[in-house]
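# Overview (structure and organization)
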Amino acid sequence: MKNLKGKTVFITGASSGFGKATAYKFAEHGCNLILCARRFDKLKKIEQDIKKKFKIKILAFELDVRKQKDVKNKIAKFSTEWKKIDILINNAGLSRGLNKIQDGVLLDWEEMIDTNVKGLLYVSKEIIPLMLKNNSGHIINIGSIAGHEVYPAGNVYCASKFAVDAITKGMRMDLIETPIRISTVDPGLAETEFSLVRFRGDKKRADSVYKDIKPLSAEDVAELIEFIATRDDHIVIAEAIIFPQIQASAMLVNRNKV
Ligand code: NDP
Ligand code: 8X3
């Protein structure tokens, strides 16, 4: 098992959900953290709380991964110390709406593609050269079961996660001659702010997604990310699908059992 103490982990979308839980998980290992998201107030609170609990360094900054120039400029300004990134968790992502394709909202499509696909690429484009320079690194992309199976009205969100799956596989092929490892974690139903964001703050609708079932928690997913990151250097967990027990596929969820 790999000892992660003193390693630097860059997590996108760390203000909530999987990103936040993963930040705490790596802090337990004594990793130093680079955390970004758009809601800097939330990020700042997380930074302060983690610093109270663990003796690690944190670089937290506001970033919208859709803004390519900001991604490039902000990462370019990292000090030499912070440019030695051992693990990148490409987690920032969202879903907007659950509409049939004929009722699709153009801005929702663009937001999902810009965040889940282009944002992931923009960040990776800046970090991969740093990892190549260091001759080491591990990129863990957060995909989804939606990147393996399309479901009704999932259309563009699913397409964005199929793209993450393709990019992950492409990264692994293109970097095969380097020591950089590429993994993807692909969760099913997990209770985070995901549905609240998908349904634009409609809490009743968001809560109904998890009603009468025991979904995954953000911590469950963070534990899987931790497992993948702590494998020895010669091991790559290439892809890991994680479901709650009541789920068998994107569409098959047993809602009769709590
Ligand atoms: P949350 O909504 O709880 O967290 C999403 C995180 O992404 C937030 O920190 C948010 O921060 C950040 N984010 C969104 N857009 C941007 C942006 N443009 N720039 C920077 N950060 C951004 O949801 P989850 O934790 O569930 O989602 C994390 C990832 O997991 C996503 O990629 C999602 O698609 C995926 N996923 C989720 C599943 C689920 O059921 N929950 C299942 C499978 C995959 P902020 O708003 O502050 O910018
Ligand atoms: C999130 C899981 O099934 O809502 O990626 O698309 S799902």
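Scroll up to find the structure.
Residues numbered from 1 in each chain as written. Chains lettered and ligands numbered in written order. Predicted model: local features only at pLDDT ≥ 70, side-chain atom pairs only at ≥ 80, totals over all residues. Heavy atoms only, no water.

All residues in the neighbourhood of ligand 2 are listed as Ser 144, Ile 145, Ala 146, Tyr 151, Tyr 157, Phe 194 and Arg 198. Between an oxygen atom of ligand 2 and a side-chain N or O atom of Tyr 151, the distance comes to 2.6 Å. Note that an oxygen atom of ligand 2 is positioned 2.6 Å from one of the side-chain N or O atoms of Tyr 157. Compared with its free state, where it exposes 240 Å², ligand 2 has 86% of that area covered by protein. Structurally, ligand 2 is housed in the largest pocket. Among the residues making up the shell around ligand 2, the classes are represented as 5 nonpolar, 1 polar and 1 charged. (Near = heavy atom within 4 Å. Polar contact = N/O pair within 3.5 Å; in protein donor to acceptor, adjacent residues only side chain to side chain. Areas by Shrake-Rupley, 256 points an atom, 1.4 Å probe, with all protein chains shown as cover. 1 Å grid on protein atoms, 1.4 Å probe; cavity = no way out; pocket = protein on both sides within 12 Å on 5 of 7 lines; lining within 4 Å. Sits in = over half its atoms within 2 Å of the grid points. Nonpolar A, V, L, I, M, F, W, Y, C, P; charged D, E, K, R; others polar.)

Once that is clear, we can look at the sheet that holds strand β5 (residues 138-142). Read from one edge of the open sheet, 7 strands run β3-β2-β1-β4-β5-β6-β9, paired in parallel fashion. Unpaired on one side and paired on the other, β3 (58-62) and β9 (239-242) mark the two borders of the sheet. Across the sheet, the mean angle from the axis of one strand to that of its neighbour is 15 degrees, orientation sign disregarded. Strand direction decides the pairing type here: β5 and strand β6 (residues 181-187), joined by 5 bridges, are parallel. Each residue of the ladder has a partner; that of Ile 139, found in β6, is Ile 182. Taken strand by strand, helix α2 (residues 40-53) contacts β2 (32-37) and β3, and its axis lies near 170 degrees from that of β3. Running over the sheet, helix α8 (residues 218-229) touches β4 (87-90), β5, β6 and β9 and is turned about 160 degrees from β6. (Pairing = 2+ DSSP bridges. Helix = DSSP H or I, 4+ residues; strand = E, 2+ residues; numbered from the N terminus. Axes fitted to C-alpha atoms, helices over the stretch in contact; angles between N-to-C directions. Contact = heavy atoms within 4.5 Å.)

Any two side chains of opposite charge can pair if their charged atoms end up close together. As enumerated under the stated definition, the model contains 19 salt bridges in all. Here Glu 81 ties to Lys 57 by a salt bridge, and the two come within 2.7 Å at their closest N and O atoms. Highlighted residues: Glu 81 in the loop between α3 (68-76) and β4 and Lys 57 in the loop between α2 and β3, separated in sequence by 24 residues. Here Glu 81 falls in the partly exposed class, since its relative accessible area comes to 44%. A salt bridge links Asp 108 to Arg 200; its shortest N-O distance comes to 2.8 Å. Of the two residues, Asp 108 sits in helix α4 (residues 106-134) while Arg 200 sits in the loop between α6 (194-198) and α7 (203-210), which places them 92 residues apart along the sequence. Assessed through its relative accessible area of 51%, Arg 200 is described here as exposed. Through salt bridges that share partners, Asp 64, Arg 66, Arg 96, Asp 108, Glu 111 and Arg 200 make up one connected network. (Salt bridge = Lys/Arg side-chain N within 4 Å of Asp/Glu carboxyl O. Buried < 20%, exposed > 50% of the residue type's maximum accessible area, 1.4 Å probe, protein only.)

Around ligand 1 there are 30 residues in total, and Ser 15, Ser 16, Arg 38, Tyr 157 and Thr 192 lie nearest to it. Gly 13 places a polar main-chain atom, nitrogen or oxygen, 3.0 Å from an oxygen atom of ligand 1. For ligand 1, whose accessible area on its own is 890 Å², the fraction buried by protein is 96%. When atoms are counted within 2 Å of each cavity's grid points, the one that captures over half of ligand 1 is the largest pocket. Counting only elements with at least two residues in the shell around ligand 1, the list comes to α1 (17-28), α5 (155-174) and α6. Of the residues in the shell around ligand 1, the class split is 13 nonpolar, 11 polar and 6 charged.

Here we come to the nonpolar core. Counting 36 residues, the largest nonpolar core has Phe 26, Leu 33, Ile 50, Ile 89, Ile 140 and Val 185 as the members making the most contacts within it. Not counting chain neighbours up to four residues away, the residues in contact with Phe 26 comprise Leu 4, Val 9, Ile 11, Cys 31, Leu 33, Ile 87, Ile 89, Ile 225 and Ala 229. Residues Cys 36, Ile 127, Leu 130 and Ile 182 belong to the second largest nonpolar core, which totals 26 residues. (Core = buried A, V, L, I, M, F, W, Y, C linked by side-chain atoms within 4.5 Å.)

What follows covers the environment of Lys 83. The residue Lys 83 is located in the loop between α3 and β4 in this model. Take Lys 83: its relative accessible area is 28%, and that puts it in the partly exposed class. Put simply, Lys 83 and Leu 130 are 47 residues apart on the chain and 6.6 Å apart in space, counted from C-alpha to C-alpha. For Lys 83, the residues in contact, after removing those within four places along its chain, are Ile 75, Ala 76, Phe 78, Leu 130 and Asn 134.

Its volume calculated, the largest pocket comes out at about 1,200 Å³. If you go around the largest pocket, you meet 48 residues; those closest to its centre are Leu 94, Tyr 157, Thr 192, Phe 194 and Ser 195. Mapped onto the lining of the largest pocket, the elements with two or more residues apiece are α1, β2, α5, α6 and α7. The greatest single-element share of the lining of the largest pocket, amounting to 4 residues, is contributed by α6. Its residues assigned to classes, the lining of the largest pocket shows 25 nonpolar, 14 polar and 9 charged. Quantified by volume, the second largest pocket comes out at close to 220 Å³. Around the second largest pocket, the lining comprises 14 residues; the ones closest to its centre are Ser 16, Gly 17, Lys 20, Ala 21 and Glu 219. (Points joined across faces, edges and corners; volume = space filled by probe spheres on them.)

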